[in-house]
Amino acid sequence: MTRLLVLQGPNLNLLGRREPELYGRVTLDALQDRLDVVAAELGVELQHAQSNHEGGLVDRVHQAWADGLTGALVNPAAYTHSSIALRDALLATGMPFVEVHLSNVYAREPFRHKSLLSDLALGVICGFGPLGYELGLRALHARLVEADPHLG
Ligand code: DQA
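Residues numbered from 1 in each chain as written. Predicted model: local features only at pLDDT ≥ 70, side-chain atom pairs only at ≥ 80, totals over all residues. Heavy atoms only, no water.

(A) Molecular detail of the site of the ligand. In the vicinity of the ligand, the residues found are R18, Y23, N75, A77, A78, H81, H101, L102, S103, V105, R108 and R112. N75 is positioned such that a nitrogen or oxygen atom in its side chain is 2.8 Å from an oxygen atom of the ligand. When isolated, the ligand has an accessible area of 320 Å², and the protein chains bury 99% of it. The cavity that encloses the ligand is the largest pocket. Looking at the shell around the ligand residue by residue, the classes come out as five nonpolar, four polar and three charged. (Near = heavy atom within 4 Å. Polar contact = N/O pair within 3.5 Å; in protein donor to acceptor, adjacent residues only side chain to side chain. Areas by Shrake-Rupley, 256 points an atom, 1.4 Å probe, with all protein chains shown as cover. 1 Å grid on protein atoms, 1.4 Å probe; cavity = no way out; pocket = protein on both sides within 12 Å on 5 of 7 lines; lining within 4 Å. Sits in = over half its atoms within 2 Å of the grid points. Nonpolar A, V, L, I, M, F, W, Y, C, P; charged D, E, K, R; others polar.)

(B) Focus on the pairing of strand 3 (residues 71-75). Counting buried residues in strand 3 gives five out of five residues, a clear majority hidden from the surface. Both faces of strand 3 are covered, namely the face carrying G71, L73 and N75 and the face carrying A72 and V74. Of the pairings in the sheet, the one linking strand 1 (residues 2-8) to strand 3 comprises five bridges and is parallel in character. Across the sheet, L4 pairs through a bridge with G71, a residue of strand 3. Relative to strand 4 (residues 97-101), strand 3 is paired through three bridges, and the arrangement is parallel. Looking at strand 4, one finds that V74 is bridged to E99. For the crossover from strand 3 across helix 4 (residues 84-93) to strand 4, the handedness is right-handed. (Buried < 20%, exposed > 50% of the residue type's maximum accessible area, 1.4 Å probe, protein only. Helix = DSSP H or I, 4+ residues; strand = E, 2+ residues; numbered from the N terminus. Pairing = 2+ DSSP bridges. Right-handed = clockwise from strand over helix to strand, strands pointing away.)

Take a look at the structure:
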């Protein structure tokens, strides 16, 4: 079965309680449960990971690659805007990924308009809250099936 990583960056463990006017009231657990339902529908298995540490995120990308996972859904949170290390990990592994943000980063402070990862991503989804992860998962799956119809 196709296995995919869902990687969440710093402070996303606080989802549901953190700035709910921006990020909503859905907790990380609830978001992951919903994604697992969509994954089951698509016939893929998700591995969920969250870290508040840059190196932890890098390690998780390496681990996913070593374990033969096929792709990733990544919300790098604040590291989107600063992490050359996470960029290099995704470059090194060549893992196809979709970048997801809950909020519309382009409607926020200018420093959030720059992502160090977007040019490596298959695509970027932002501004749709938890639904963005579901859209991202469907898009990632569709692109993987396009590349290898056996995965469908
Ligand atoms: C975020 C946007 C980032 O700018 C911010 O640092 C986050 C969350 C989002 O999902 O909207 O922590 O990635």
